[in-house]
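A structural walkthrough
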Amino acid sequence: MARAVPADPHDGEAVAKRIENRWALTMVGLVALLVAMVIFTGLHWATMPPSRVETINPSTLHVSGEFVESNLGSAVETDGSVTVRIVGQQYSFTPQCIVVPSRTPVTFRVTSADVIHGMLITGTNINSMVSPGYISTFKTRFEKPGDHLMPCHEFCGTGHEGMWANVKVVEPDAFARLVGPTRRASCDL
Amino acid sequence: MIYNKRLILAHFWLAFALFGVAILLGEWQMFIRSPLHGWLRNADLYYRSVTAHGTVMGYVFPTLVAMGFGYFISEAALGQPLVGRRWAWAGYYMIIIGSVAAVVPVAMGLDSVLYTFYPPMIGNAFYYIGVVLVVVGSWVWVALMGINLYVWKRAHPGAPVPLAMFANVAGAYLWGWTAVGAALELLFQILPVALGFATTINAGLSRVLFSWTLHAIVYFWLMPAYIAFYTIVPRAIGGRLYSDSMARISFALFLVFAMPIGIHHLFADPEVGAGFKVVHSIFTAMVAVPTLLTVFTICASVEIAARLRGGKGLFGWVKALPWANPQMLALALSFVMLGFGGAGGLINMSYQLDSTIHNTQWVTGHFHLIFGGAIVIMYFALAYDLWPHLTGRALLNLRLVHWQLWLWFIGMIVLTFPWHYAGLLGMPRRMAFYDYTAPGMFAEGVSVVMSTIGGAILVVSAALFLTVLIRNHSAARVDPEPFTFSRAVHEPVSLPWALNGLGLWLGLMIALTITNYGYPIVQLMMTPEGRVPPVFVGGKP
Ligand code: HEM
Ligand SMILES: [Cu+2]
Ligand SMILES: [Cu+2]
């Protein structure tokens, strides 16, 4: 804080400068610390944003390729992890109800058939934009069974407020019974 | 001496009149989405309203305030009549024409695309043309601010540029360059499709270009408030500015660091790779530095005022401050809101924490607190300070002014605290209404009701603000003392080149924008697979 100005004005100026510089350096240090924390947590827990930019033609989603209707929803991979494929369109997600096992690595792959949408899963930190022409990929893990809501969170037209899906997290063995030999699962609301 | 009072008043009055209308829309939106009623379920009307509210509050209102204040500063600080008066009026009329061209189709429901107009959603071309006209009108102001400074420097070689003008021109250049992103998007991507010349559009590229504008525009909104912190408040409370050169450094840093960080809005986007997200995240942290410097300089300046008034003790001096002075009150309330809002901003800034709140109601709560709260309250304060100089009449109702400022503060807290909370519960943004009977949604309903109450308080405060200004126009004539800006404790006699002009900082701003945006933009331009068909709203043209 500023002290009373001493008699010699030039002295005062030097004092003022010194205090001010000390503050500036402290603040730069503080910001550097925050940056270091962001980088550290990013590397340490691998909480990096998705990295690869993948494109896809939204006009042919339903005709062929990864996002045809029969391939949507949860699928069990050979390594035991689960991949969930979702398409967003005005004004719903396909599928509308998603079931995943708890305590299992889950990869989401999501794209849009028309405009920009978003998705988040309440009570988790899953949160992504869903853009036509691009595929959003992110990995996660649900610790506990439970029901979550999955709203679209970017304005996508006048029906935006109706665009909600559901996510059910179930115990791994219950999930295994659900998938059966097709290695795919979906749920009813 | 203020030469072009009518020009300046015209800008301010248009700004405040539009603000008065848009705030009613805001409160209506909050009411409609609350559980307080069950009868109006018309999403179409709601999105027309949000498009208008966002466009006015985000683009038109702050731009007009910055322009009016900029013309004022140019004349008051440089002591010369505005060069290019005719051009200034031309820019003003362009903004009026642009606003009308934009608002009419929005009101008709042809352009419910919201102020961010994310393609491939495409509305009626007139909305975009209107926004372009508003931007071009404001670019006239950018050019005039640069020219006026240049003319003055030629006439006063070597003399230190007044701080207010230095900051004002920094804000103008920041805006000039910031607006380029959205302008490129509008001119080269959206308008060709809206007018029927093109049949596909790259939604990812559009979002990257828009983020170029979307972040730094925030610092453009903030500039008039910061200029008031540094150059009006210390004078108004009878103090001195602690440091002139630190003030200049803060404004220069805004210019440099506000731009190359916009991709932090795209942390959750698929079209940008992780590398640039991290780079922008780091630069985002740096833009906190000028604000932290400002907090120190302004608090120290306030302390100087208190000690000059006989304040004593380590903290006892706070009591000696002129709390009855509206500038003092506005500053204090603004700083409290800035503190809360800044803490929230630190959360948005780190991409790990951002993922819990991205595009939830947390974000809307956050920017209402910072922008609608901390910044707009300083717009009020600076209007109160300038008005007698513009109208030549006394600003009498100090009690009313007090009520107005306090109500704005209280209303903002009541509006935005529950709003943040709803976001933490996962309530998505930009929805016309919610099904509060769904499991887990009850608490969100309660918080929206609280926000609606806060909004009502803000509407009252806005009405008081307009009343004070209107009543001033018929108050007793006075001869106000010549307008002055704050003086620094140690006034600069001569300044190093870097702090007496903006050349260096402009160069850095452009260079950093190119390094941080060049690659993502070029990469997306060369990704033809990213081009998708448009989806027209309000019917195909
Ligand atoms: C009575 C006070 C106000 C209320 C109740 C209010 C309410 C709202 C609501 C409900 C939204 C939609 C949020 C969403 O779901 O995304 C909104 C958006 C917005 N408001 Fe306000 N607002 C108020 C004042 C202001 C002020 C003073 C400003 C700035 C000067 C402002 C700027 C904005 C902007 C830029 C948007 C973004 C629109 C968008 O997301 O498309 N508002 N406001
Ligand atoms: Cu949506
Ligand atoms: Cu930003």
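Conventions and cut-offs
Residue indices follow the written sequence of each chain, beginning from 1 at its first position. Each chain gets a letter, beginning with A, and each ligand a number, beginning with 1, in the order they are written. Local features in this predicted model are restricted to residues whose pLDDT is 70 or higher, and side-chain atom pairs enter the listing and the counts only when it is 80 or higher, whereas totals over whole chains, interfaces and linings include all residues. Calculated side-chain values reflect all of the structure's heavy atoms, with hydrogen atoms and water omitted. Metal donors: N, O and S atoms at distances within 2.8 Å, or within 3.2 Å for Na, K and Ca, with water omitted from the atom set so that some sites may seem incomplete. Think of it in three bands: with a 1.4 Å probe and only protein chains considered, a residue is buried below 20% of the maximum accessible area for its type, exposed above 50%, and partly exposed in between. Contacts between residues were defined by any pair of non-hydrogen atoms, one from each residue, lying within 4.5 Å. In short, buried area is how much 1.4 Å probe accessible area vanishes from two parts on joining, totalled over both. The salt bridge criterion pairs a side-chain nitrogen of Lys or Arg with a carboxyl oxygen of Asp or Glu, the two atoms within 4 Å. Polar contact is defined as a pair of N or O atoms within 3.5 Å, subject to the rule that within protein one atom must be able to donate a hydrogen and the other to accept it, and that residues adjacent in sequence are counted only when both atoms are side-chain atoms. Strands here are runs of E lasting at least two residues and helices are runs of H or I lasting at least four, both read from the DSSP assignment and numbered beginning at the N terminus. Only Asp, Glu, Lys and Arg are considered charged, only Ala, Val, Leu, Ile, Met, Phe, Trp, Tyr, Cys and Pro nonpolar, and every remaining residue, Gly among them, polar. We define proximity as follows: a residue is near a molecule or strand when any one of its heavy atoms falls within 4 Å of that partner. A pocket here means an open set of points on a 1 Å grid, computed over the protein atoms alone, that has protein on both sides within 12 Å along at least five of seven lines. A cavity is instead a set of points where a 1.4 Å probe fits but cannot get out; residues with an atom within 4 Å of a point line either one. Each molecule is checked against the cavity or pocket grid, and it sits inside if more than half of its atoms lie within 2 Å of the grid points. All domain edges in this entry derive from an automatic or database-based domain assignment. Angular criteria define each label, namely tetrahedral for four donors with all angles between 85 and 135 degrees, square planar for four and octahedral for six donors with opposite donors over 155 degrees apart and remaining angles between 65 and 115, and irregular for whatever fails these tests. Grid points are joined across faces, edges and corners, and a volume is the space filled by probe spheres set on the points. The rule is short: rings of Phe, Tyr and Trp, with Trp giving its six-membered ring, pair when the centres are within 6.5 Å, and they are stacked under 30 degrees, edge-to-face over 60, tilted in between. Distance and angle both matter: a charge sits over a ring if NZ of Lys or CZ of Arg is within 6 Å of the ring centre and within 35 degrees of the ring normal. Whenever a helix is involved, its axis is fitted only over the stretch in contact; in every case the axis is a line through C-alpha atoms, and angles between N-to-C directions fall within 0 to 180 degrees. Angles below 35 degrees are treated as roughly parallel, those above 145 as roughly antiparallel, those between 65 and 115 as roughly perpendicular, and all remaining angles as oblique. Think of a patch as exposed residues, more than 30% relative accessible area, with no salt bridge, where like charges cluster within 9 Å and nonpolar side chains (Val, Leu, Ile, Met, Phe, Trp, Tyr) cluster within 5 Å. Here the Shrake-Rupley method, with its probe set to 1.4 Å, supplies the accessible areas, and only the displayed protein chains count as covering residues.

Tetrahedral coordination by four donors puts the ideal angle at the metal at 109.5 degrees, and octahedral coordination by six puts it at 90 or 180 degrees. Residues and elements named next belong to chain A. On the protein side, the copper ion (ligand 2) has Cys152 (SG), Glu154 (O), Cys156 (SG) and His160 (ND1) as donor atoms, found 2.1 to 2.6 Å from it. All donor residues of the copper ion (ligand 2) come from one chain, and their arrangement in sequence is C-x1-E-x1-C-x3-H. Accessibility assignment for this pair places Cys152 and Glu154 in one class, buried.

The subject of this paragraph is the interface of chain B and chain A. Across the boundary between the two partners, chain B contributes 70 residues, which contact 62 residues of chain A. For the pair chain B and chain A, the two sides together bury roughly 5300 Å², of which 70% comes from carbon and sulfur. Contact with chain A buries area across many residues of chain B, yet Pro270(B), Phe296(B) and His490(B) alone supply 12% of it, more than any other trio. At the junction of chain B and chain A, the tally comes to 1 salt bridge. Put simply, Arg430(B) and Glu154(A) hold a salt bridge, and the shortest N to O gap is 2.7 Å. Inspection of the chain B/chain A interface yields 14 residue pairs in polar contact (both at pLDDT 80 or more). Looking at the side of chain B that touches chain A, the elements that each hand over two or more residues are helix H2 (43-78), helix H6 (203-231), helix H8 (244-257), helix H9 (274-286), helix H10 (288-308) and helix H12 (351-357) of chain B. Considering only residue class, the side of chain B that touches chain A consists of 42 nonpolar, 18 polar and 10 charged.

What follows concerns the site of ligand 1. Residues and elements named next belong to chain B. Surrounding ligand 1, one finds 27 residues, the nearest of these being Arg33, His53, His368, Arg429 and Arg430. One of the side-chain nitrogen or oxygen atoms of Arg33 is found 2.5 Å away from an oxygen atom of ligand 1. Between ligand 1 and Gln361, the relevant distance is 3.3 Å, taken from an oxygen atom to a side-chain nitrogen or oxygen of the residue. Judged by the proximity of its atoms to the pocket grid, ligand 1 belongs to the largest cavity.

Moving on: the pattern of salt bridges. Oppositely charged side chains may form a pair once their charged atoms are brought near each other. Inspection of the entire model under this criterion finds 12 salt bridges over all chains. Residues Arg207(B) and Asp269(B) are paired through a salt bridge, measuring 2.5 Å at the closest nitrogen-oxygen approach. With a gap of 62 residues between them, Arg207(B) in helix H6 and Asp269(B) in the loop between H8 and H9 connect regions that are remote in the sequence. When its relative accessible area of 3% is taken as the criterion, Arg207(B) is described as buried. Arg235(B) serves as the salt-bridge partner of Asp385(B), at 2.8 Å between the closest nitrogen and oxygen. A residue pair is termed long-range when its members are at least 10 positions apart, and Asp385(B) in helix H13 (residues 361-391) and Arg235(B) in helix H7 (residues 233-236) qualify at 150 residues. Here Asp385(B) falls in the buried class, since its relative accessible area comes to 12%. Judged by its relative accessible area of 24%, Arg235(B) is partly exposed. One salt-bridge network, in which partners are shared between bridges, spans Glu54(A), Glu66(A), Arg85(A) and Arg109(A).

This part covers the domain arrangement of chain A. Its domain assignment divides chain A into domain 1 (1-47) and domain 2 (58-185). Here the C-alpha centre of domain 2 of chain A lies 46 Å away from the C-alpha centre of domain 1 of chain A.

All names here are of chain B. The coordination sphere of the iron atom of ligand 1 contains the protein donors His53 (NE2) and His368 (NE2), at a distance range of 2.0 Å. Each of the 6 donor atoms bound to the iron atom of ligand 1 contributes to angles spanning 85 to 179°, and the resulting shape is octahedral. With a gap of 315 residues between them, His53 in helix H2 and His368 in helix H13 connect regions that are remote in the sequence. Looking at His368, the relative accessible area reads 19%, which means it is buried.

Moving on to empty space enclosed by the protein. Residues and elements named next belong to chain B. Under the criterion given, the structure shown has 3 cavities of 30 Å³ or more. Estimates place the volume of the largest cavity at around 620 Å³. Lining the largest cavity are 32 residues, with Gln29, His53, Phe367, His368 and Trp419 sitting closest to its centre. Across the lining of the largest cavity, the residue classes tally to 18 nonpolar, 10 polar and 4 charged. There is about 90 Å³ of room inside the second largest cavity. Taken together, 13 residues form the lining of the second largest cavity, with Tyr59, Val131, Val135, Trp175 and Ala182 sitting closest to its centre. Split by residue class, the lining of the second largest cavity holds 11 nonpolar, 2 polar and no charged.

This part takes up unusual backbone geometry. That bond from Gln90(A) to Tyr91(A) is cis: its omega, -5°, falls within 30 degrees of zero. Within the secondary structure layout, Tyr91(A) lies in the loop between strand E3 (82-89) and strand E4 (92-94).

Here we take up the packing of aromatic side chains. Residues and elements named next belong to chain B. Per the stated rule, a full pass over the model turns up 44 aromatic pairs over all chains. Judged by centre distance (6.2 Å) and plane angle (50°), the rings of Phe16 and Trp387 are tilted. Here the residue Phe16 occupies a position in helix H1 (residues 5-33), and Trp387 occupies one in helix H13, the gap between them amounting to 371 residues. Between Tyr92 and Tyr93 the ring centres are 5.6 Å apart and the planes differ by 70°, which places this aromatic pair in the edge-to-face class. When its relative accessible area of 9% is taken as the criterion, Tyr92 is described as buried. Here the aromatic cluster, defined as three or more aromatic residues joined through ring pairs, consists of Phe12, Trp13, Phe16, Phe19, Phe61, Tyr379, Phe380, Tyr384, Trp387, Trp408 and Phe465. When the ring centre of Phe483 is taken as origin, the NZ or CZ atom of Arg235, which lies over that ring, is 4.9 Å away. Over the ring of Phe166 we find Arg248, and its NZ or CZ is 5.4 Å from the ring centre.

If you want to describe how two helices pack, look at the angle between their axes and the distance between the axes. All names here are of chain B. Where helix H11 (residues 326-349) contacts helix H14 (residues 398-424), the two axes come as close as 10 Å, and the packing angle between them is 5°. Comparing their axes, H14 and H11 come out roughly parallel. In contact with Pro326, Leu329, Ala330, Leu333, Val336, Met337 and Phe340 of H11, H14 contributes Leu398, Val401, His402, Leu405, Trp406, Phe409, Met412 and Phe417. The residue makeup of the contact of H11 with H14, split by class, is 14 nonpolar, 1 polar and no charged.

Our focus in this paragraph is a nonpolar patch on the surface. On the surface, a cluster of nonpolar side chains totalling about 320 Å² of accessible area is made up of Val83(B), Ile147(B), Tyr150(B) and Val151(B). Here Tyr150(B) shows up in helix H4 (residues 125-155).

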